[in-house]
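# Structural overview
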Amino acid sequence: MTLLRVLVRSAALAAALLATSAQAQDVRIALVAKSLGNGFFEAAARGADEAAKQIGGVKIIYTGPTTTTAEGQIEVVNALISQKVDAIAISANDKDAVVPVLKRAMQRGIKVISWDSAVAAEGRQLHLNPSSNALIGSMLVKLAAQALPEGKGKIAILSATATSTNQNTWIAEMKKVLPAHPGIDLVATVYGDDLSDKSYRETQGLLRVHPDVKVIVAPTSVGIVAAAQAVKDAGKAGQVFVTGLGLPSEMAGAVHAGVTRSFAIWNPIDLGYTAAYLAHDLVKGATAAPGAELPIGRMGKLKIEAGAEGAMAEPFVYDGTNIDQFAKIF
């Protein structure tokens, strides 16, 4: 073999080793959804991938259980611990049940944040609220009031699971605001477990047990679609309105059918993007001390409040004037 060939092969081998080394040094961030197959979390994963490309040297592992259970998330996290990921960013199905396994992850040096739906403080280092809980609760009541004739009438809530951290927090904030709306009467809260078929059946039950309900508020992207379909199938479009938190692409039909006048949501793409940036910040040595401001790429900076929490943005309202525009995006 000639000297030239030896040098060429040596150079190729060195390049391959460097590439392998660089790949091995990628920061691996696991984005854990409440469940797979949910459009909201799939959009968040796209945002996380966007952040990874901008940061460079980051790999996103998008994962989650097939059903919205704490047990499923615990299995997923155990697998991630075995994989020795660098960070876990989780939207919790149960804020307390996942704490022991996430503590184990942190003891192994894995950075842990929660986003969208919080983990109890002892089970994470930082929580990213998509918005202020108080603003979300207030917005949900405002949307219900706007859908009611003269802002008066009976409403019901279709939530996700009974243990869902964010759902329960937002409902509690709604109840704080309701006394300022004496014309609104909250008659029931039911749980669809973030499953389309169960949410549909729970809505049917509301319409049967409370035939005078005028608005159903669903602070869940799965529930709001199912509730709107149930109302439409019952022939009650224009009589009962559905509002809450949903994806424009999934709610365009309900808006056009007159089942939904308006609804709100933050941009899940931005949420996943921000969660990935924050997880990377912690891996690189940032701390989530109150008062600190962590860089989050094109979203600017996140100010850390008490309890190691930060809020991303105020919910945005979608209605007939803008639904088609945003339905093309997410």
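Please refer to the structure placed before this passage.
Residues numbered from 1 in each chain as written. Predicted model: local features only at pLDDT ≥ 70, side-chain atom pairs only at ≥ 80, totals over all residues. Heavy atoms only, no water.

### Notes on helix α6 (residues 165-177)
Counted at 1.5 Å a residue, the expected span for α6 with its 13 residues is 18 Å, and the 19 Å between its end C-alpha atoms agrees. For α6, the set of buried residues is Thr165, Asn166, Gln167, Trp170, Ile171, Glu173 and Met174. Of the surrounding elements, those touching the buried residues of α6 are α5 (133-147), β6 (153-159), β7 (184-191) and β8 (213-218). (Helix = DSSP H or I, 4+ residues; strand = E, 2+ residues; numbered from the N terminus. Expected span 1.5 Å × (residues − 1). Buried < 20%, exposed > 50% of the residue type's maximum accessible area, 1.4 Å probe, protein only. Contact = heavy atoms within 4.5 Å.)

### Examining the packing of aromatic side chains
Taken as a whole, this structure holds nine aromatic pairs when the rule is applied. Judged by centre distance (5.0 Å) and plane angle (70°), the ring pair of Phe316 and Tyr318 falls under edge-to-face. Judged by centre distance (5.4 Å) and plane angle (55°), the ring pair of Phe316 and Phe326 falls under tilted. Pair noted here: Phe316 is in strand β14 (residues 316-319) and Phe326 is in helix α11 (residues 323-327), with a separation of ten residues, a long-range link. With relative accessibility at 39%, the residue Phe316 sits in the partly exposed group. With a relative accessible area of 18%, Phe326 lands in the buried category. Cation over ring: Arg261 sits above Phe241, and NZ or CZ is 4.0 Å from the ring centre. The ring of Tyr273 is capped by Arg298, whose NZ or CZ atom sits 4.2 Å from the centre of that ring. (Phe/Tyr/Trp six-rings, centres within 6.5 Å; stacked < 30°, edge-to-face > 60°. Lys NZ or Arg CZ within 6 Å of the ring centre and 35° of its normal.)

### Examining the sheet that holds β8
Read from one edge to the other, the open sheet built from four strands follows the order β7-β6-β8-β9, with strand pairing classed as parallel. The open sheet has two edge strands with one neighbour each: β7 and β9 (241-244). Looking at each pair of strands side by side, their axes are set apart by 25° on average, direction ignored. Of the pairings in the sheet, the one linking β6 to β8 comprises four bridges and is parallel in character. The residue of β8 that forms the bridge with Lys154 is Val213. Its contacts with the sheet put helix α7 (residues 196-209) on β6, β7 and β8, and the angle it makes with β7 is roughly 145°. (Pairing = 2+ DSSP bridges. Axes fitted to C-alpha atoms, helices over the stretch in contact; angles between N-to-C directions.)

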